[in-house]
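Results of the structural survey
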Amino acid sequence: MTGDPVSWAALAPLLALFGALVNGMFGRRLREPWPGYLASGVVVLGFVLSLLAFATFGQREVGVSVRLWEFLPVAGLDLAVGFHLDQLSLLMMLIVTGVGALIHVYSLGYMHGDGGYARYFAALNLFIAAMLVLVMADSYLLMFVGWEGVGVCSFLLIGFWYRQQRNPDAARKAFIVNRIGDTGFLLAMFLMYRTFGTLTIADVNAAATAFAFGAGALTSIGVLLMLAAAGKSAQLPLHVWLPDAMAGPTPVSALIHAATMVTAGVYLIARSAPLFAQSPDASAVVAWVGGLTALLAALVALAQTDIKRILAYSTISQLGFMFVAVGVGAYWVGIFHVLTHACFKGLLFLTSGSVIHGLGGEQDVRRMGGLRRFMPLTALTALVGTLAIAGVPLLAGFFSKDAILLHTFASTLLADHGAGVLYGVLLLSATLTAAYMGRWYLLVFEGEPRLSVEARGKVHESPRVMTVPLLVLAAASVLTGYLGLPAFAFPNWIAPWLEPATATVGFAYPPLWAEWLLIGAAVLATVIGLALAWWVYLVQRGVPVARLASGRLATFARSGAGFDALYQQAVVGPAEGTSVALAVLDRDVLDRGLAASVTTTGVLARGVMLLQTGLVRNYALAMLVGAVVLLFVVVLAGVRA
Amino acid sequence: MMSVLLVLLPLVVASVLLFTRTVRSARVIAWIGALAAFVTASLLSGSASVQIPWIPGVGAYIAFDPGQAGGVLALIASLVMLPTVLWASLRVETDTGRFLAALFAMWGGLMGLFLARDLVLFYVFWEFTLLPSLVLLGGWGLAQRRQALLKYLLYAIAGSFAMLLTVAAIRPLAGAESYLFDDLLAATANLDGLTQTWLFAGFALAFAVKLPLFPLHHWLIDFHEQNHPSGAADVAGTLYKVGGFGLFAWALPLLPEGARQAAPLLLALGAFTATYGAVIAARQHHLKRLLAYASLSHMGLVAVGLFGLHLAGLSGAMYLLGAQMVTTGGMFLLSGMLHARRGSFDTGSYGGMAASAPALAAVTLLVLFASIGVPGLANFPGEFLALLGAFQASSAAGVLAVIAVIAAGVYGVNLYQRLYQGPEPTPVADLRPLEVVVLAPIVAATLWLGLAPAPQLRTFEADATVTITQLQQAGAPPAAPPVALGEVRR
């Protein structure tokens, strides 16, 4: 460690790892609050270190590198366990440890009395460690260590309550779908090595900048990275694992499956910004995958009935917005939305956790309603989150979403790849976002209570240890937006902060009046969406959609637009078939067939008979004979030479 | 002389054990012997090489060099043998002394095989080590061991015969001073392409059987299924999958032209084997058969790394070979512990054991996930470099082999969940003190190899560089230059 306080942040992942080790090995011997206190403590400490590094980073042009030890020093690769702390990684560290610390504290209440209390906190700490490695890594290889590490933690936590078969199934699905994406990461690295001869992020980016604009190799690498990102960040066509992942404890959904891990794909693209800025084709793939995912998931979210699945599809959709941002080259905007989304989506998940906790496990929004009376604080914070994600002016989501819309509209990188259409897709998705979130809030907290008798007796506001994190996140859901005010009229902090760590892509910003008009359009989208939800679900009590809700379209949407069934038919079935066929081939044809043909042919059969009598002794004899033959041949040859 | 001691010590312990009457004294001798052999191995890296004339007429030497790739593998193998001996000494109930004697014979043979720098000496240890593995299967195997033994023997003899001819022919044909590696290396460069290809084919057949590669792999499956349920013999078998080492240390550097001729075919075969094994493993319900197919898949990856003929892949292949000794070996030890609890290898008779045996579950998760290549754990550095190297030679082979990574995820997660998640029929005991002691070195090595691969990789790279140099001198440039500058913008 040097005297530079920025480099001290390298301790943050080690601290979390330490917490995971202690809780993993000795947690069962500690009494209840202590594993939780330890786990929360190391993450808070990590947050303090990140904050210190952030505060002392100053106006540096390049980041601080910390090499801990050598990792793969082979074949021209000079890879270390080394961290690169710059504007981008420090901001991500703040999100991970900040939201992480709040969710650890919240979990103290949520997991109270659970049999796997220490195991839970061990896995959560391990996740923080892996996620920090992911965002701090100075090479793609080390990033991949964190990348698969968070996948393993996600697997452990989705299947945390492993006794019911449903949860392990969801965990398995998440792990395998992620591994499919991970092969994209691996192949991208192999191709980087072939093209640039290095896997260090800074070197790859520098080499990519010097490469021909739009070169095929860059496009291939970019598309493969996007495959990896689609797996981790639940984008088309690999999004299917995230809704099922809601089987995990709700704080896990908030931390891993909303605020941090699923944004790793966006981070990966932003981290590789110079490469993507050189390849409009790869960037177009990123943006279009994001745009289509945003629209599709928003549509599907409208039909969901599980309080957490609505939010899961919402996360998929919002991640789509982020991919559009980094796809059109507005890297700081993508990360800005990662930040605001981490606050309001983390908040929304925690409020839904508070609801589930208060109702004793109820998750169906059709059996909720009117909860504002019983859980005023939860309802208030949920309202803030809902309005923030819907894009109501002056809240965080408004600013970040508006920036995405503006930069899509003004894109020059994707001018030939349908940026205009993409803008329309996003505007429609934004309207739907306001509608499904309005529906979510109204069905849960407003109107007449539709609780089961059982739940009605139990309903209560959550303890302070859970509501305080809600309040903090609600405040953040308002305030973080002011870090990135529209640059044409206001001071903007985040864009110049992130620019040196990513890349600068040109945009054709419209005239001032048009920028105001775009903001007006975005606000209009929000108003239409919210008003629609208000009219349908509060004024008309859902009557206008009652027929629709039992129709075929709604059933289709509720099933996630049929992706699971399609994959079962088109991928899982054939894969299992291949596996069975190969297993049969291996046993019946290769093994029995080969053995039979060998043992039935005359000479060999007799040889086998011979061998069967005292197998080992004969073998020893055969070996001896062999050795003698060897000697003989060699000596003979030696003599002749 | 330390390296000679390392080879001799286990062999001496083995012979003493053969004449030990009581089980108790056999155990004590085995424990002391194992500890001594392990300590010798861990002090080995600093010791000097040895070269003593052996059979002057043949040009054979007793030559050991612990500073090479084999030295690293010898150390890892010893680290795995230590807990295996301890486990076997308490889990094998019939004829314990002889079982342990066979294990020590295996140990000594492996040390000789890894450290030998003379081809005749290497061949002698190669063949010698077959004996204890046969004895273990034949003496302590399950009901259908005869069939398994027969199959194993047939494959082994075919391979050995090919190797014997090659060994006999290579020195006279090349006109080398002796069978020492350095002498052979200096001479074989002069062999013409056709001769090299034939000689390489002889080596390749022997090593492909032992790797094993598809379609020569079937002995491996039955071998594991029928071995003693403690899993100790399976560990010995796992350490004995030295075909990749033979290719790396002997066939590739000595016969670069032959290697270049055969590489495309064997690269494709390796990639296919990797995916084939992993895909079939996903369907297995017998724990040991599953592990055997998984192991086959790892060996495919080793082959893929070798036949990419790239510096990264060659080094990675050896690293993976060492790492899988720990992880596959560890999984076989765990299979013995599981069998001790439920008396079955059918994964259907397990489930939900994470509740009653959380520590066992945690160790299994660690070792199993290491073996499917999760980064930060033992197999990953080798697997990554092997695939990276293969991809540089052929994108298609690289992509095919990468599918194995997905399939490994499937069988790994399936296995863990079938054993430890879901409802639990009856509770089982968590790790016992003996099991903790047995697993401790495995866990430590899994983390050590996963987190600090650099020193071992440097040793492997130094050896691999010899091969790459030979390839470059043999003619055309190797597979692909690391940096293509063609598209650099002005």
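Throughout what follows, the structure given in this document is the object of discussion. It should be emphasised that the depicted structure is a prediction, and the values quoted were computed from it without experimental measurement. (Residues numbered from 1 in each chain as written. Chains lettered and ligands numbered in written order. Predicted model: local features only at pLDDT ≥ 70, side-chain atom pairs only at ≥ 80, totals over all residues. Heavy atoms only, no water.)

**What about the pairing of strand β2 (residues 60-64) of chain B?**
Our working definition: Two strands form a pair only when DSSP identifies at least two bridges running between them. By definition, any uninterrupted DSSP run of H or I lasting at least four residues is a helix, any uninterrupted run of E lasting at least two residues is a strand, and each is numbered from the N terminus.
Where strand β1 (residues 50-55) of chain B lies against β2 of chain B, five bridges are found, and the strand directions are antiparallel. Bridging from a neighbouring strand, P53 of chain B pairs with Y61 of chain B of β2 of chain B.

**Notes on the nonpolar core**
In plain terms, the rule: We call a set of buried residues a nonpolar core when its members are Ala, Val, Leu, Ile, Met, Phe, Trp, Tyr or Cys and they connect through side-chain atoms within 4.5 Å of each other. Burial status follows relative accessibility: with a 1.4 Å probe on protein chains alone, a residue under 20% of its type maximum counts as buried, one over 50% as exposed, and anything between as partly exposed. Boundaries between domains were set according to an automatic or database domain assignment. Whether two residues are in contact is decided by their heavy atoms, any of which lying within 4.5 Å being enough.
Of all hydrophobic cores here, the largest spans 426 residues; its most connected members are F200, F369 and F384 of chain B. The dominant element in this core, judged by the number of residues it contributes, is helix α14 (residues 311-342) of chain B, at 16 residues. Viewed by domain, this core spans two of them, domain 1 (158-560) and domain 2 (564-640) of chain A, each represented by three or more residues. Those residues within four positions of F200 of chain B in sequence are excluded, and the remaining contacts are L247, A251, L252, L255, G258, A259, A262, L266 and F307 of chain B.

**Some thoughts on the interface of chain B and chain A**
What counts here: Buried area: the accessible surface (1.4 Å probe) lost by two parts on joining, summed over both. For this analysis, a salt bridge means a side-chain nitrogen from Lys or Arg found within 4 Å of a carboxyl oxygen belonging to Asp or Glu. Distance and chemistry together define a polar contact, namely a pair of N or O atoms within 3.5 Å, with one atom able to donate a hydrogen and the other to accept it when in protein, and with adjacent residues in sequence counting only for side-chain atoms on both sides. Residue classes follow a fixed rule: Ala, Val, Leu, Ile, Met, Phe, Trp, Tyr, Cys and Pro count as nonpolar, while Asp, Glu, Lys and Arg count as charged, and any other residue, Gly among them, counts as polar.
On the chain A side, the residues contacting the 92 residues of chain B number 75 residues. Summed over both partners, the interface of chain B with chain A buries about 7,000 Å², with 72% contributed by carbon and sulfur atoms. A salt bridge links R458 of chain B to E70 of chain A; the shortest N-O distance between them is 2.3 Å. Seen at the junction of chain B and chain A, the total is 17 residue pairs in polar contact (both at pLDDT 80 or more). Broken down by class, the residue content of the side of chain B that touches chain A amounts to 64 nonpolar, 17 polar and 11 charged.

**A few points about a nonpolar patch on the surface**
All names here are of chain A. For clarity, the cut-off: Excluding any residue in a salt bridge, patches collect residues exceeding 30% relative accessible area, merging like charges within 9 Å and nonpolar Val, Leu, Ile, Met, Phe, Trp and Tyr side chains within 5 Å. Surface accessibility in these figures is a Shrake-Rupley result with a 1.4 Å probe; residues are shielded only by whichever protein chains are displayed.
Where nonpolar side chains cluster on the molecular surface, the patch consists of L11, L14, L17, L21, M25, F26 and L126 and spans about 610 Å² of accessible area. Among the elements that take part in the nonpolar patch, helix α1 (residues 11-26) stands out by supplying six residues, more than any other. Assignment of secondary structure puts L21 in helix α1.

**A few points about the pattern of salt bridges**
All names here are of chain A. All told, the structure shown has 20 salt bridges over all chains when counted by the stated rule. One salt bridge connects E148 with R179, and the closest N-O pair in it is separated by 3.2 Å. Placement of the pair is E148 in helix α5 (residues 140-158) and R179 in helix α6 (residues 166-196), with a sequence separation of 31 residues. As a salt-bridge pair, R172 and D169 come within 2.9 Å of each other at their nearest N and O atoms. Placement of the pair is R172 and D169 together in helix α6, with a separation of three residues, close to one helical turn. Relative accessible area serves as the criterion here: at 32%, D169 is assigned to the partly exposed category. Ionic contacts of the salt-bridge type, sharing partners, join the residues K173, D244, R309 and D564 into one network.

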